Every structure is written in structure tokens, then in C-alpha cells.
Amino acid sequence: MVTQPAAWRPGGIAHPKTGNDNENAGTCGRGSAHPFFTIAPATVSAEEAEPLELHHQVYGEGPPLVLLHGAFMTIETNWSTSLGELARSNKVIAVELQGHGRTADRATGLSYETMADDVAGLLDKLGVKKASVMGYSMGGNVALQLALRHPDRVERIVAVSAAASDKGLAVGHKDMVQHMTADMFTGAPMVAEYQKRSPKPDFPALVDKVKQMELKPFDWTVDLAKVKAPVLLIAGDADVVTLGHLADMHAALGGHANGDVNGPSRSQLLVLPDTTHMGILADPAKAQQVVVAANAFLSAPAPN
């Protein structure tokens, strides 16, 4: 889904090589999130796509957790309020996807499937056999595709404001996307961040590619029954993803009612009150609720 947090000011992240970024000094979110070794981009190959280098940064120690951002975003703009807390108990691998942040674009368009293959390739290069994945919006959709296309690589999934079908998006969303232009983002901090980070900045081209992906029909709801990994779905009650679709996704992923009789669900659902698609991570208080739930889910005993 498209994210347009015009009022969102990205927080700083320590540089992965020096621990200090002169362009964007500070720390990301609560607590310290200093990387423990030098990271360079890794070459990965997606199916039916040219090789692509995914920029990534590694923070903390513990079980591997891949972070996947939303459309038009970077590690800084998406995870500034939460990366530090997540890195307290996880080895966070924060990734920038095709055409976003410091990762170059490729000639072909964006697709959730190809970006999922890119992430699987990065795990290969890093020698990570299996990881949990947390994604927001577009990144949440990529996380679901990673679980469908590479099921043996995924331990658990936290999908924030993600959808398994374009039919599950709020009325009017596609009309908004249809009329979206790069000019609508004028003055948004995310555009300045993109211009600073991108190796070959072309924001209008990125907007066009995101539009093409967003307007293409898709529906993996039934396929979610094939997902082996436990999944935590998190969304706002006023999100772009409808509550009805969230319920359908939860059921398809093995969620059920009456846990007192049936036992805990393999997959879980959290809906935050008074919360929008952009506000779920842009608002520090909401982001903290997301992080607390994510950490609890990731560290809990494996469900039966």
C-alpha cells in the first residue's frame, strides 16, 4: 500500500561502518542499536530479474529479524521509532528494497514476488538459513510473499498494515492511487530522504512504478493457508486494510475463535484503536505498541 507520511521526520541511525552518520546523526528509536560488524551491500538474484544489490544494515544480537519498509520509504523513515527497541532482543537486518533508499532500481517494474525473491537472495549471501520477517505496508506484502515462495526461510512473520488482496483495501484507495503524482509529495521529508540516499534518484519514476504495482489486481488470501510460519497481523482500526479482510487473512492463516476450548491460534491479530495506516508507525506511542506486540510474539514459545 502507498504511504504518504508528509509530516514524518526521519530519525537518525548510526552508520553501519563507523557507528556515526554525519548526515543523519543520532540513534534510531529507543535504546542503543549499534551494529556489531561492517555491512556492505550483497548481490542477489531474483527469479526472472537482473541481479540487484540490496542495501542492508545489521543491528543487535539474537535471532535474525528482517525489517522490510513501506512504499517510498527507507530504513530511517520507516523504522526510526522502533528499530532500537527491536534490536535489543533480535539481530535486526534492516533492508531497503528495489528502487528505495540506497538500493538501486532495475529496468523491470516492482512486484511483491520479485522483491521477496530479492530478500531470499540476500539471506543466502548473509548465510542466514531462516529468519523472522517484519514488514510494513508494501514490506508486509513482501513478507507474506516470502513465506509463500520461500517457506523454509521464514521463522515467523509480523505483517503490519499488509493485505493479501487488493479487494481488501478501503473504498477509494485505488482511485487515490490512480490520480497520484510525484507533485503530491512536494515538501514531504520522505522525498528529501530519497533524494539524499538514492544512487540514481528519479522520484517520478518510482511513483509510476509503485502506482503500476498498486493498481494491479492480486489475491493471495486462499494461498495464505499454505504459510507454515506463525503470523502476527497488526493494523489500525482506520487502516487502508479493511477489518473484514484482516479477519479473512487471520482465518486463512490458521487463526480461530474460542481459544479457551480450541487453544491458542497459530496466527494472531492485533487491531489498534484510533489508528490510521500512516499513524501506526509514525506516531511514537502507536509504534511502541507495535514493537511490544512484535517482540512478545517473536519470543513466545512456538505454537502447536
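Please read these numbers as outputs of a predicted model, since none were measured by experiment.

Calculation criteria
- Residues numbered from 1 in each chain as written.
- Predicted model: local features only at pLDDT ≥ 70, side-chain atom pairs only at ≥ 80, totals over all residues.
- Heavy atoms only, no water.
- Helix = DSSP H or I, 4+ residues; strand = E, 2+ residues; numbered from the N terminus.
- Buried < 20%, exposed > 50% of the residue type's maximum accessible area, 1.4 Å probe, protein only.
- Areas by Shrake-Rupley, 256 points an atom, 1.4 Å probe, with all protein chains shown as cover.
- Patch = residues over 30% accessible without salt bridge, like charges linked within 9 Å, V, L, I, M, F, W, Y side chains within 5 Å.
- Salt bridge = Lys/Arg side-chain N within 4 Å of Asp/Glu carboxyl O.
- pLDDT = per-residue confidence, 0-100.
- Contact = heavy atoms within 4.5 Å.

Undergrad: Would you mind showing me how to read the overall build of the protein here?
TA: What the protein contains, in helices and strands, is eleven helices and nine strands. Across the 304 residues that make up the protein, the buried fraction comes to 56%. Summing over all exposed atoms, the protein offers an accessible surface of approximately 12500 Å²; the carbon and sulfur share of this is 52%.

Undergrad: What is the right way to read unusual backbone geometry from this model?
TA: The phi angle of most residues is negative, glycine excepted, and most peptide bonds adopt the trans form. The phi angle at Ser137 is positive, at roughly 55°, despite the residue not being glycine. Structurally, Ser137 is set in the loop between strand S6 (131–136) and helix H4 (138–149). In this structure, Ser161 is a non-glycine residue whose phi angle is positive, near 55°. By the element assignment, Ser161 lies in the loop between strand S7 (154–160) and helix H5 (173–178). The class of Ser161 is buried, set by a relative accessible area of 0%.

Undergrad: What is the right way to read a nonpolar patch on the surface from this model?
TA: The grouping of Leu243, Leu269 and Val271 at the surface amounts to a nonpolar patch, some 220 Å² of accessible area in total. Following the sequence through the fold, Leu269 ends up in strand S9 (residues 268–276).

Undergrad: Got a minute to help me understand the confidence of the model for the protein in this structure?
TA: Note that predicted coordinates carrying low pLDDT should not be read in detail. Averaged over every residue, the pLDDT of the protein is 87; the share at 70 or more is 83%. A low-confidence stretch, residues 4–46 stays under pLDDT 50, and its non-local contacts, those more than four residues away or across chains, total 120 contacts.

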